[in-house]
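# Structural overview for review
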Amino acid sequence: MTLPFNRVTFITLAVAELPRARAYYEALGWQLESANEMVAFYDMGGSKFGLFTLDGLAQETGREASDLRTGAMTLAQNYPDPAAVDAAYAHALKCGATPVRAPFETNWGGYSCYVADPDGHVWEFAHNPFSPLDQDGRIA
């Protein structure tokens, strides 16, 4: 079997305190699949989302914990309309996210906002009219 290289099967974030990070993501509605004292996994419909303690990830990768810091990147969730973006933003703030940029109309014709999780990982909630969603919430 030949596997495609242009896919992501796991997204794992390093977190300072796993119980705090789990509480945040589970308050958002993520359903825990499995966990231990160093890592927690959530199903994303064919891929996985993980939370790994900073010390555990340092040990796993062979790097110093001080070298593992939040990179200049965002994780994004696309929504069917601007009202859903507003609702996701409000819900994330209620669950403990830090506002980064309130919902706004983008210069490319969409609608977007940004929040940071308790460890500073930046998430975008957006309505992208050029990437419509199917009934399962996947980009059509």
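Here the structure is a predicted model, which is why all the values come from computation and not from measurement.

Rules and cut-offs
Residues numbered from 1 in each chain as written. Predicted model: local features only at pLDDT ≥ 70, side-chain atom pairs only at ≥ 80, totals over all residues. Heavy atoms only, no water. Helix = DSSP H or I, 4+ residues; strand = E, 2+ residues; numbered from the N terminus. Contact = heavy atoms within 4.5 Å. Pairing = 2+ DSSP bridges. Axes fitted to C-alpha atoms, helices over the stretch in contact; angles between N-to-C directions. Phe/Tyr/Trp six-rings, centres within 6.5 Å; stacked < 30°, edge-to-face > 60°. Lys NZ or Arg CZ within 6 Å of the ring centre and 35° of its normal. Buried < 20%, exposed > 50% of the residue type's maximum accessible area, 1.4 Å probe, protein only. Arc of directions from axis to C-beta. Core = buried A, V, L, I, M, F, W, Y, C linked by side-chain atoms within 4.5 Å. Lys, Arg positive; Asp, Glu negative; His and termini not counted. Salt bridge = Lys/Arg side-chain N within 4 Å of Asp/Glu carboxyl O. Polar contact = N/O pair within 3.5 Å; in protein donor to acceptor, adjacent residues only side chain to side chain.

## A few points about the side chain of Thr-53
Checked against the element boundaries, Thr-53 lands in strand β4 (residues 48-53). Once residues within four sequence positions are removed from consideration, Thr-53 is found in contact with Val-15, Leu-18, Glu-37 and Met-38.

## Here we look at the sheet that holds strand β3 (residues 39-43)
Across the sheet, four strands lie side by side as β1-β4-β3-β2; this open sheet has mixed pairing. Strands at the two margins of the open sheet, each flanked by one partner only, are β1 (10-15) and β2 (32-35). In this sheet, adjacent strand axes meet at a mean angle of 20° when their direction is disregarded. By the bridge criterion, three bridges tie β2 to β3 in an arrangement that is antiparallel.

## Regarding the packing of aromatic side chains
Inspection of every chain in the model, using the stated rule, returns eleven aromatic pairs. Both rings, one in Phe-10 and one in Phe-41, keep their centres 5.7 Å apart while their planes meet at 80°; by these two values the pair is edge-to-face. Here Phe-41 lies in strand β3 and Phe-10 lies in strand β1, a separation of 31 residues in the sequence. Among the aromatic residues, ring-to-ring pairing joins Tyr-24, Tyr-25, Trp-30, Tyr-42, Phe-49 and Trp-123 into one connected group. Its guanidinium or amino end placed over the ring of Phe-104, Arg-101 lies 3.5 Å from that ring's centre, counting from NZ or CZ.

## Observations concerning helix α1 (residues 18-28)
Where α1 is concerned, the buried positions are Leu-18, Ala-21, Tyr-24 and Tyr-25. Looking down the long axis of α1, one finds its buried residues gathered within 130° of arc, a one-sided arrangement. Elements in contact with the buried residues of α1: β1, β3, β4, α3 (82-95), β7 (111-116) and β8 (122-127). Gly-29, located one to two residues past α1, shows a positive phi value of around 115°.

## Some words on the nonpolar core
By size, the foremost hydrophobic cluster in this structure holds 23 residues, and its most contacted members are Tyr-25, Phe-49, Leu-51, Val-115, Trp-123 and Phe-125. Going through the elements one at a time, β1, α1, β3, β4, α3, β7 and β8 are the ones with two or more residues in this core. Here the element with the most residues in this core is α3; it accounts for five residues. Those residues in contact with Phe-49, other than ones at most four positions away along the chain, are Ile-11, Leu-13, Tyr-25, Trp-30, Ala-40, Phe-41, Tyr-42, Met-44 and Trp-123.

## What to know about the side chain of Asp-117
When you line up the elements, Asp-117 lands in the loop between β7 and β8. The buried charged residue Asp-117 lacks any salt bridge partner; its closest oppositely charged side chain belongs to Arg-20, at an N-O distance of 6.9 Å. At 2.6 Å, the side chain of Asp-117 forms a polar contact with the side chain of Tyr-25. At 2.8 Å, the side chain of Asp-117 and the backbone nitrogen of Asp-119 are in polar contact. What Asp-117 contacts, discounting residues up to four positions off in sequence, is Leu-13, Tyr-24, Tyr-25 and Trp-123.

## What about the pairing of strand β6 (residues 98-105)?
In this sheet, β7 lies alongside β6 in antiparallel orientation, the contact comprising five bridges. Each residue of the ladder has a partner; that of Thr-98, found in β7, is Ala-116. From the end of β6 to the start of β7, which pair antiparallel, there are five residues, and Gly-109 there has a positive phi angle of about 100°.

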